[in-house]
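# Chains, contacts and geometry: an overview
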Amino acid sequence: MNVLLRMFPAALVAAGVSGFANAEILTAAPGQPLQALLDGARAGDVVELSPGEYHGSFRIDRPLQLIGQQAAVLDGDGAANVVTVSAPDVTVRGVTIRRSGRDLQAMNSGIFLEKTAERATIEDNHFVENLFGVYVHGARGSRVSRNDIEGLRGGRLSEAGNGISLWNAPNVTIADNTFRYGRDGIFSISSSKDRFINNRFDQVRFAIHYMYTNDSEVSGNVSTGNHVGYAIMYSNRLVIRGNVSDHDRDHGFLFNYANYAEINGNRVTGGPLSSMIDGTDSGPDDERGMLPEPVRARPLRSGPEKCVFIYNANHNKFRNNWFENCAIGVHFTAGSEGNEITGNAFVNNANQVKYVGTRNLDWSTGGRGNYWSDNPAFDLNGDGIADTAYRPNDLIDRVLWTAPAAKVLINSPAVQVIRWAQAQFPALLPGGVVDSHPLISPPPRRTAKEAR
């Protein structure tokens, strides 16, 4: 097989690279049977890939390290998984992994971690043209870090996979990766106690998508130019801290039946959006699985549509977040109860708050509310709190939300009289959001590191 065998250096063993005293380095060359080398390795061995291409689907069924020299490529030739891992304590590092199969039901992936592949380490790899980049299918305690993951592009979004998918895999860390193209950057379902930190996302549907994932952390991530930054659904007791949504299209954050979360120090920034992504129109049909339409000249619009959308989400703490230049700062609806919203900055949003309901909600806690850039109040005693309460919405806003055609009357004398009457007689105001202790100045923007 012309495979070079040499003893694993004692210094590396002493440094903890392998826990096996008799570990060896097995060096593979392109054109020779890599699977046979993997099958012949002993627990703790290092399989080192020389530069070049290795074609096929490979399985790792014992604890070892698969390390690529520069320009080492594992090519799945468009069939099944490129690498399937079934053993615990496996490391895959420094390899380009490309061209998995395209079978969604089979979850074809660049690297597929089976349930028994506990404590896997997948780091410093480049994934390209795979249906799923990494699929963590129950492999608890694994770590996926410092990888560059490019998903499928140019077809139906419904037929693309995710950069990293995670199912029922507790105590997983996904950190310092970059994601581009495909469906979702990271998709997690039915898991717990995971950490998604310091990742970057570009041109995907949802940067991070949580479903039924509890007691976990999302911190220090950056989402740029995606449909939605962070979609948090049916998940409890999360820490969401120091993340950025920069010019995402629809929502910076979406909370749907997400409860008892701490949402602290995040930033959503909107502004004009380009209608072109790689020569196609990324309109709403793209999310429904339709092929993108050819680009037509049309004016740019601003996004996100909503900095944060809170839908049937309860007992969460929104503190020290910055929401700027969105069509709607926060859309709050569907019976969300028991939420604390304080110390946040709502800056230059076309509508600061959209709330259609009859309850009175006070968004201040302990004598401290939020900053509103359109609040013309005074602070005569210099305590940093405005002297009058702030109401982001009035009766006219409610009419416009339920009957958008009424916008043609917005500057009419009748509307001005109604708004004057509400100002003179506050009892005329409908139930809704009030900030009884609004901040006179915005809180300082905090870096992701400071928020954590």
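Residues numbered from 1 in each chain as written. Predicted model: local features only at pLDDT ≥ 70, side-chain atom pairs only at ≥ 80, totals over all residues. Heavy atoms only, no water.

A word on the overall build of the protein chain. Helices and strands together make up the secondary structure of the protein chain, namely 5 helices and 46 strands. By the burial criterion, 54% of the 452 residues in the protein chain qualify as buried. Of the contacts made within the protein chain by residues no fewer than 6 positions apart, 49% connect residues no fewer than 24 positions apart. Here the protein chain displays about 19,700 Å² of accessible surface, and carbon together with sulfur accounts for 53% of that area. (Helix = DSSP H or I, 4+ residues; strand = E, 2+ residues; numbered from the N terminus. Buried < 20%, exposed > 50% of the residue type's maximum accessible area, 1.4 Å probe, protein only. Contact = heavy atoms within 4.5 Å. Areas by Shrake-Rupley, 256 points an atom, 1.4 Å probe, with all protein chains shown as cover.)

Throughout this description, disulfide means a covalent bond between two cysteine sulfur atoms. Per the counting criterion, the structure on display carries 1 disulfide. There is a disulfide in this structure between Cys307 and Cys326, and the S-S distance comes to 2.0 Å. In this structure the cystine formed by Cys307 and Cys326 twists about its S-S bond by roughly 90°; its chirality is therefore right-handed. Residue Cys307 is located in strand 37 (residues 306–311), and its partner Cys326 is located in the loop between strand 39 (322–324) and strand 40 (328–333); the two are separated by 19 residues in the primary sequence. Owing to a relative accessible area of 0%, Cys307 belongs among the buried residues under this scheme. (Disulfide = S-S within 2.5 Å.)

In this structure, Leu34, Leu74, Val136 and Phe255 are the most contacted members of the largest nonpolar core, which totals 76 residues. With residues up to four places along the chain from it excluded, the contact list for Leu74 reads Leu34, Leu49, Tyr54, Phe58, Leu66, Val82, Val83, Val95, Thr96, Ile97 and Arg98. (Core = buried A, V, L, I, M, F, W, Y, C linked by side-chain atoms within 4.5 Å.)

Here the focus is the pattern of salt bridges. For the structure shown, the criterion picks out 19 salt bridges. Glu53 is the partner of Arg98 in a salt bridge, and the nearest nitrogen-oxygen pair spans 2.7 Å. Taken together, the residues span a long stretch of sequence, with Arg98 in strand 10 (residues 96–98) and Glu53 in strand 4 (residues 52–55) at a distance of 45 residues. Glu53 sits in the partly exposed class, given a relative accessible area of 36%. As a salt-bridge pair, Arg146 and Glu123 come within 3.4 Å of each other at their nearest N and O atoms. Remark: Glu123 occurs in strand 12 (residues 121–123) and Arg146 occurs in the loop between strand 15 (143–145) and strand 16 (148–150); sequence separation between them is 23 residues. The exposure class of Glu123 is buried, given its relative accessible area of 10%. One salt-bridge network, held together by shared partners, links Glu53, Asp75, Asp77, Arg98 and Arg99. (Salt bridge = Lys/Arg side-chain N within 4 Å of Asp/Glu carboxyl O.)

A word on the packing of aromatic side chains. If you walk through the whole model with that rule in mind, you get 15 aromatic pairs. Taking the centre distance of 5.3 Å and the plane angle of 80° together, the rings of Phe196 and Tyr210 count as edge-to-face. Linking Phe196 in strand 21 (residues 195–197) with Tyr210 in strand 23 (residues 206–214), this pair joins segments that are 14 residues apart in sequence. For Tyr210, a relative accessible area of 0% translates into the label buried. With centroids separated by 5.5 Å and ring planes inclined at 45°, the aromatic side chains of Phe323 and Phe346 adopt a geometry described as tilted. (Phe/Tyr/Trp six-rings, centres within 6.5 Å; stacked < 30°, edge-to-face > 60°.)

What follows deals with the side chain of Asp45. Position of Asp45 among the secondary structure elements: in the loop between helix 2 (34–40) and strand 3 (46–49). Here Asp45 occupies a buried position and makes no salt bridge, while the nearest side chain of opposite charge, Arg42, is found at 4.3 Å. Of note is the side chain of Asp45, whose polar atom sits 2.8 Å from the backbone nitrogen of Glu24. Beyond its immediate sequence surroundings of up to four residues, Asp45 is in contact with Asn22, Ala23, Glu24, Leu26, Pro63, Leu64 and Gln65. (Lys, Arg positive; Asp, Glu negative; His and termini not counted. Polar contact = N/O pair within 3.5 Å; in protein donor to acceptor, adjacent residues only side chain to side chain.)

Another point: the sheet that holds strand 5 (residues 58–60). The strand order across the open sheet formed by 12 strands is 5-8-11-14-17-20-23-26-29-37-40-43, and the pairing between neighbours is parallel. With one partner strand each, in any of the chains shown, strand 5 and strand 43 (351–355) form the two edges of the open sheet. Between one strand axis and the next, the sheet turns by 10° as a mean value, whatever way the strands run. As judged from the 4 bridges shared by strand 17 (residues 164–167) and strand 20 (residues 186–192), these two strands associate in the parallel manner. Each bridged residue has a counterpart across the sheet, and for Ile164 the counterpart in strand 20 is Ile186. (Pairing = 2+ DSSP bridges. Axes fitted to C-alpha atoms, helices over the stretch in contact; angles between N-to-C directions.)

Moving on to the pairing of strand 20. As paired elements, strand 20 and strand 23 share 6 bridges and run parallel to each other. Looking across to strand 23, one finds that Ser188 is bridged to Tyr210.

Looking now at a nonpolar patch on the surface. The grouping of Tyr212, Tyr234 and Tyr257 at the surface amounts to a nonpolar patch, some 300 Å² of accessible area in total. Counting through the fold element by element, Tyr234 comes out in the loop between strand 26 (228–233) and strand 27 (239–241). (Patch = residues over 30% accessible without salt bridge, like charges linked within 9 Å, V, L, I, M, F, W, Y side chains within 5 Å.)

For Asp124, which is not glycine, the phi torsion reads 60° and is therefore positive. Here Asp124 shows up in the loop between strand 12 and strand 13 (126–128). With a relative accessible area of 33%, Asp124 lands in the partly exposed category. Phi angles above zero are rare outside glycine, and Arg146 is one such case at about 55°.

Before going further, it helps to examine the confidence of the model for the protein chain. Taken as a whole, the protein chain shows an average pLDDT of 84; of its residues, 78% reach a score of 70 or greater. For residues 276–299, every residue scores under 50 in pLDDT, and the model assigns this stretch 37 contacts once sequence neighbours within four places are set aside. (pLDDT = per-residue confidence, 0-100.)

Turning our eyes to something else, we now look at the side chain of Ser100. Considering the arrangement of structural elements, one finds Ser100 in the loop between strand 10 and strand 11 (109–113). Residue Ser100 is classed as buried on the basis of its relative accessible area of 1%. A polar contact is formed between the side chain of Ser100 and the backbone nitrogen of Leu131, at a distance of 2.9 Å. Setting aside residues no more than four positions away along its own chain, Ser100 makes contact with Gly78, Ala79, Ala80, Val82, Asn108, Ser109, Gly110, Glu129, Asn130 and Leu131.

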